[in-house]
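# Structural overview
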Amino acid sequence: MPVPVDARQAMIDSGSTQALHVRPAYNVPLPRWGVPTRPRPASIAVIGDTGCETTANAALNQNCLKDWHFHGLSVNAATTSSPDLVVHVGDYVYREEPQLASDKSLGCNVMSERGGWGCLVKDFFEPAEALLAKAPFLFARGNHEACQPPVVGRGVEWWRYLATQIFGNDECFSISSNHPAEAEPVVIDAGTLHFILFDSSAIPDADDFVLNQAVATQYIKWFNQVNALANRHPMQEYFLITHKPLWMVKAASSTAVTWTGPTLAKAVEQTTAKALAPNIRLVLSGHEHLYQMLDFNSTRPPQLTVGSSGTKLETAPDDTKVEGKVVDGEPVTQSISHDIHGYAVLRADPGNPWRLTFHNSAGRAQSPSCTLSTGTTKEFSCP
């Protein structure tokens, strides 16, 4: 439900719903900043790919009782980092075969329920309760929320509960056929900081590492729209959120790197401006199950990937082999990767630029701490 911009308190009336539990149980957190400002100090927690992966593939199957740290991460991020805003970069449910989960429970314990409300509660709303009660959320859509068979429920749930524009049950089928990107870019205002949500959920996984020009062509208009949105306020800063990264290194050797995603990057290259708008200072993504900050020390914004907040992790590349390699026509000047469960924090104290730290699931900051530049050249300084 819409909340007036001048509201000082909001609560969910548990008497108005037949739900067994209301999450968060008490007050709904409201923004702690005004329209012409950003929070002082501003603290943004970034999480992504948070669910517990249960699948018949033994190499990917996760022990949800022992190896799934999202609940503890949520509690520690809420208490230790105390964010003003939480950004979830997508992929909320990973229970492909809920009957195999070590923590299965009623409502999410048989195959037919894997796309239902019960598994969304189990994989997200229950473990995220501490963060949901701490700060407002900005929800991005991941490929796990695509509205396509056989798991149609997750796309339906996205449009019913998490999207910026809410639709009734099953309406996403007609939406998907009408919009190749499934949702137009939309601006979310947080004072003088603006986020642009870019829906990359429909990009086929086969095109993550190999250029598909036909798909890229479909997305050119969406990136032109991203730039048009950012150009409305050229003196203010924007963070672009796309679940699938524009530039992210999956693996590196002494001679080459494997990076994602050339299809999205090619769409940016073929826009009218041939690049992202100058005031887009950072790209936030997930999808790959690790943490990485990739820097180009150029007018291209750094790429922050946070896909490490819950699901089974991938092995991070050797950063020393990433740096100096060319990704989408530009050399990487800095790469910081972690393959431990955690979340990112972006913080801006009064009069200071954004500082970036990665925190493990216990809430402890991992070195280094990096500062985002404010000039034409966009880079992180990480002493």
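Presented here is an overview of the structure given in this document. (Residues numbered from 1 in each chain as written. Predicted model: local features only at pLDDT ≥ 70, side-chain atom pairs only at ≥ 80, totals over all residues. Heavy atoms only, no water.)

### Some details on the overall build of the chain
Regarding its fold elements, the chain presents 8 helices and 18 strands. Overall, the chain is about 55 × 50 × 45 Å in size when its C-alpha atoms are taken along their principal axes. Taking all 383 residues of the chain together, the buried fraction comes to 54%. Contacts in the chain between residues far apart in sequence, at least 24 positions, make up 67% of those at least 6 positions apart. Surface summary for the chain: the accessible area is close to 16200 Å², and the carbon and sulfur share equals 53%. Charge centroids of the chain, computed over 29 positive and 38 negative side chains, lie 4 Å from each other. (Helix = DSSP H or I, 4+ residues; strand = E, 2+ residues; numbered from the N terminus. Buried < 20%, exposed > 50% of the residue type's maximum accessible area, 1.4 Å probe, protein only. Contact = heavy atoms within 4.5 Å. Areas by Shrake-Rupley, 256 points an atom, 1.4 Å probe, with all protein chains shown as cover. Lys, Arg positive; Asp, Glu negative; His and termini not counted. Charge placed at Lys NZ, Arg CZ, Asp CG, Glu CD.)

### Re the sheet that holds strand β18 (residues 380-381)
In space, the 7 strands of this open sheet follow the order β3-β2-β1-β15-β16-β17-β18, with mixed pairing throughout. Two strands lie at the open edges of the sheet, namely β3 (137-139) and β18, each paired on one side alone. Sheet topology note: the strand β2 (residues 85-88)/β3 ladder contains 3 bridges and is parallel. Bridging across to β3, valine 86 finds its partner in phenylalanine 137. Across the sheet, helix α1 (residues 70-81) is in contact with β1 (42-47), β15 (342-348) and β16 (355-360); its angle to β15 comes to roughly 20 degrees. (Pairing = 2+ DSSP bridges. Axes fitted to C-alpha atoms, helices over the stretch in contact; angles between N-to-C directions.)

### Topic: the pattern of salt bridges
For the structure shown, the criterion picks out 12 salt bridges. Across the salt bridge formed by glutamate 288 and lysine 250, the nearest N and O atoms sit 3.3 Å from each other. Within this pair, whereas glutamate 288 is found in the loop between β9 (280-285) and β10 (291-295), its partner lysine 250 is found in strand β7 (residues 248-252), the two being separated by 38 residues in sequence. Connected through salt bridges with shared partners, the residues Arg95, Asp103 and Asp123 form a single ionic network. (Salt bridge = Lys/Arg side-chain N within 4 Å of Asp/Glu carboxyl O.)

### Points about the sheet that holds strand β4 (residues 186-190)
Within a sheet, each strand pairs with its neighbour through backbone hydrogen bonds, oriented either parallel or antiparallel. Strand order in this open sheet of 7 strands is β4-β5-β6-β9-β11-β10-β14, and the pairing throughout is mixed. Edge positions in the sheet fall to β4 and β14 (334-338), since each of these pairs with one other strand and no more. Going across the sheet, the axis of each strand differs from the next one's by a mean of 15 degrees, ignoring polarity. The pairing of strand β6 (residues 237-242) with β9 spans 4 bridges and is parallel. Within the sheet, the bridge partner assigned to leucine 240 lies in β9 and is valine 283.

### Thoughts on the state of the cysteines
For the coordinates displayed, the defined rule picks out 3 disulfides. At a sulfur-sulfur separation of 2.1 Å, the disulfide partner of cysteine 52 is cysteine 64. Residues cysteine 52 and cysteine 64 are joined by a disulfide whose S-S torsion is about -100 degrees; by sign, that bridge is left-handed. One end of the pair, cysteine 52, is in the loop between β1 and α1; the other, cysteine 64, is in the loop between β1 and α1, and 12 residues separate them in sequence. For the pair formed by cysteine 52 and cysteine 64, the shared burial category is buried. A sulfur-sulfur separation of 2.0 Å characterises the disulfide bridge that pairs cysteine 108 with cysteine 119. Between cysteine 108 and cysteine 119, the S-S dihedral sits near 100 degrees, and the bridge is therefore right-handed. Separated by 11 residues along the polypeptide, cysteine 108 in the loop between β2 and α2 (117-125) and cysteine 119 in helix α2 bring together distant segments of the chain. (Disulfide = S-S within 2.5 Å.)

### Concerning the packing of helix α6 (residues 213-230) against helix α7 (residues 262-269)
Contact geometry for α6 and α7: axes closest at 8 Å, N-to-C directions at 50 degrees. Relative to α7, the element α6 is oriented oblique. As for how α6 packs across α7, the hand of that crossing is right-handed. Between α6 and α7, the residues in contact are Gln213, Val215, Ala216, Tyr219, Ile220 and Phe223 and Thr263, Leu264, Lys266, Ala267 and Val268, respectively. Looking at side-chain class alone, the contact of α6 with α7 contains 8 nonpolar, 2 polar and 1 charged residues. (Parallel < 35°, antiparallel > 145°, perpendicular 65-115°, else oblique. Left-handed = near helix turned anticlockwise from the far one by under 90°. Nonpolar A, V, L, I, M, F, W, Y, C, P; charged D, E, K, R; others polar.)

### Here's the deal with the environment of leucine 240
Positionally, leucine 240 belongs in strand β6. Spatially, the C-alpha atom of leucine 240 lies 9.8 Å from that of proline 185, the residues being 55 residues apart in sequence. For leucine 240, the contacting residues outside a window of four places in its chain are Ile196, Phe198, Phe223, Val226, Leu246, Leu276, Ile280, Leu282, Val283 and Leu284.

### Quick notes on the pairing of β2
Consecutive side chains along a regular strand alternate between the two faces of the sheet. Burial along β2 is two-sided: Leu85 and Val87 and Val86 and His88, pointing in opposite directions, are all buried. In the sheet, β1 pairs with β2 via 4 bridges, with the strands oriented parallel. For isoleucine 44, the partnering residue across the bridge sits in β2 and is leucine 85. Taken together, β1, α1 and β2 form a β-α-β motif whose crossover is right-handed. (Right-handed = clockwise from strand over helix to strand, strands pointing away.)

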